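Fold and contact review
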Amino acid sequence: MIPISRPHIGPEERAAVNEVLDSGMLVQGPRVAELEALFREKTGARHAIAICNGTAALHTALMAHGIGPGDEVITTPFTFMASVNAILFVGATPRFVDILPCCFNLDPAQIEAAITPRTRAILPVHLYGFPADMAAIQAIADRHGLAVIQDAAQAIGATYRDQPLGALGTACYSLYATKNVHSAEGGMVTTNDDAVAERCRLIRAHGSSRRYYHDTLGYNFRLSDLHAAIAIPQMRRLEEIVARRRSNAAALNAAITNPRVALPLYGAVGERCSRSATCGASGHVWHQYVVRVLGDRDGAVEKLAAAGVGSAVFYPLPAHRQKHIVERGLGNVELPVAEQAAREVLALPVHTGLSAADLAAIAAAVNTL
Ligand SMILES: Cc1ncc(COP(=O)(O)O)c(C=O)c1O
């Protein structure tokens, strides 16, 4: 079976982990600092704060921006649940805005209608590794005095109008085992705001700036050096990882010809989104290569599996339809673009472990659906 994702565990990652094991410094050693420095360098942000996972990174960033009970945060319903749960963790309320059909990200044209006197922030998700339209989102945030907190969990290495995401404001990354750069679990907040960075550092370590002196309520959101060590060699190879995923996506775009399968609508690989004249989004890192199946998607999953091709549905149920969101009374919205996407999307393997023969086999299996 060609798996939907495959971790990059090679000799460098093994050696890096063994070095940490031998050092006796499993936490709060030099590897976390090294990973933070690599994130600063590669994302263009002034600060990088390592956190134990991407969900906790979002939680930390929201707290650090002062988002709390009574506040509303505008986000997308078409995301991994962590984006929404983090808003609930800080006591705020998620307000859902529908997505664009071309890139599956927040539709900036619909955001203003969802702003109320309680709105404090917009939380765009760069889904599948393709940036949301940050210029349009930032312009709305500026007009209404809102914070923007990017969920870049799937988008390490992505750029927007040639700028790395870290240059655009606070962003939260995940180093979960399937991500383009991964540990086993891990996360990072990047920001250019000195005060936000300082609060993130406090929040991740029980609110303490000096050992056993606690200035504020915080959590144990530390990343271990063992986890950091796995991600460091991959961060060093980031450009190579992104280039490989881009060329895999280009190969799939060229070889999939089945009219019952709609290809990703980002324009040529790495180019601007071709659907919207005003959208400047570009710089895809292909965390997922997602097609739309115009027909029986469950049947397609089975047929692909029978042909030895792994696939996955990210995500079958939008956030506003999830049980705990409905029970909170937050699901009473019509978001037809997200609902249609949830019925049609199918992710195919695009990871760096694929050979030319694997790519040909994936396309051949998709072409016979
Ligand atoms: C869009 C999105 N947000 C948040 C997260 C949460 O990251 P983690 O699994 O590291 O907690 C993930 C990853 O799983 C994700 O894909």
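A few points on the structure. All of these numbers come straight from a predicted model, not from anything done at the bench. (Residues numbered from 1 in each chain as written. Predicted model: local features only at pLDDT ≥ 70, side-chain atom pairs only at ≥ 80, totals over all residues. Heavy atoms only, no water.)

Moving on: the site of the ligand. In the vicinity of the ligand there are 17 residues, among which Gly-54, Thr-55, Asp-151, Ser-174 and Lys-179 approach most closely. Separating an oxygen atom of the ligand from a backbone N or O atom of Gly-54 is a distance of 2.8 Å. Between the ligand and Lys-179, the relevant distance is 3.0 Å, taken from an oxygen atom to a side-chain nitrogen or oxygen of the residue. Compared with its free state, where it exposes 380 Å², the ligand has 93% of that area covered by protein. Mapped onto the shell around the ligand, the elements with two or more residues apiece are helix H3 (54-64) and helix H4 (82-89). Ranked by residues supplied to the shell around the ligand, first place goes to H3 with three residues. (Near = heavy atom within 4 Å. Polar contact = N/O pair within 3.5 Å; in protein donor to acceptor, adjacent residues only side chain to side chain. Areas by Shrake-Rupley, 256 points an atom, 1.4 Å probe, with all protein chains shown as cover. Helix = DSSP H or I, 4+ residues; strand = E, 2+ residues; numbered from the N terminus.)

We now examine the packing of helix H2 (residues 30-43) against helix H7 (residues 225-236). Where H2 contacts H7, the two axes come as close as 8 Å, and the packing angle between them is 35 degrees. Crossing handedness for the pair H2 and H7: left-handed. Here H2 contributes Pro-30, Arg-31, Val-32, Glu-34, Leu-35, Leu-38, Phe-39 and Lys-42 to the contact with H7, which in turn contributes Asp-225, Ala-228, Ala-229, Ala-231, Ile-232, Met-235 and Arg-236. A class-by-class count of the residues in the contact of H2 with H7 yields ten nonpolar, no polar and five charged. (Axes fitted to C-alpha atoms, helices over the stretch in contact; angles between N-to-C directions. Left-handed = near helix turned anticlockwise from the far one by under 90°. Contact = heavy atoms within 4.5 Å. Nonpolar A, V, L, I, M, F, W, Y, C, P; charged D, E, K, R; others polar.)

Time to look at the pattern of salt bridges. Inspection of the entire model under this criterion finds 15 salt bridges. The partner of Glu-19 in a salt bridge is Arg-31, with the nearest N and O atoms 2.5 Å apart. In this pair, Glu-19 sits in helix H1 (residues 11-23) while Arg-31 sits in helix H2, placing the two residues twelve residues apart along the sequence. Put simply, Glu-34 and Arg-236 hold a salt bridge, and the shortest N to O gap is 2.6 Å. Of this pair, Glu-34 sits in helix H2 while Arg-236 sits in helix H7, and the two are 202 residues apart along the sequence. Residue Glu-34 is classed as partly exposed on the basis of its relative accessible area of 24%. Residues joined in a network through salt bridges with shared partners are Glu-19, Arg-31, Glu-34 and Arg-236. (Salt bridge = Lys/Arg side-chain N within 4 Å of Asp/Glu carboxyl O. Buried < 20%, exposed > 50% of the residue type's maximum accessible area, 1.4 Å probe, protein only.)

In this section: the sheet that holds strand E2 (residues 72-75). Ordered by their spatial adjacency, four strands build an open sheet running E3-E2-E4-E5, and the pairing between neighbours is parallel. Edge strands, defined here as strands with exactly one partner in the open sheet, are strand E3 (93-96) and strand E5 (147-148). Bridge analysis of strand E4 (residues 119-123) against E5 gives two bridges, and the strand direction is parallel. In the strand pairing of E5, Ile-122 is matched with Val-148. Its contacts with the sheet put H4 on E2, E3 and E4, and the angle it makes with E3 is roughly 140 degrees. (Pairing = 2+ DSSP bridges.)

None of this, on its own, says anything about what the molecule does.
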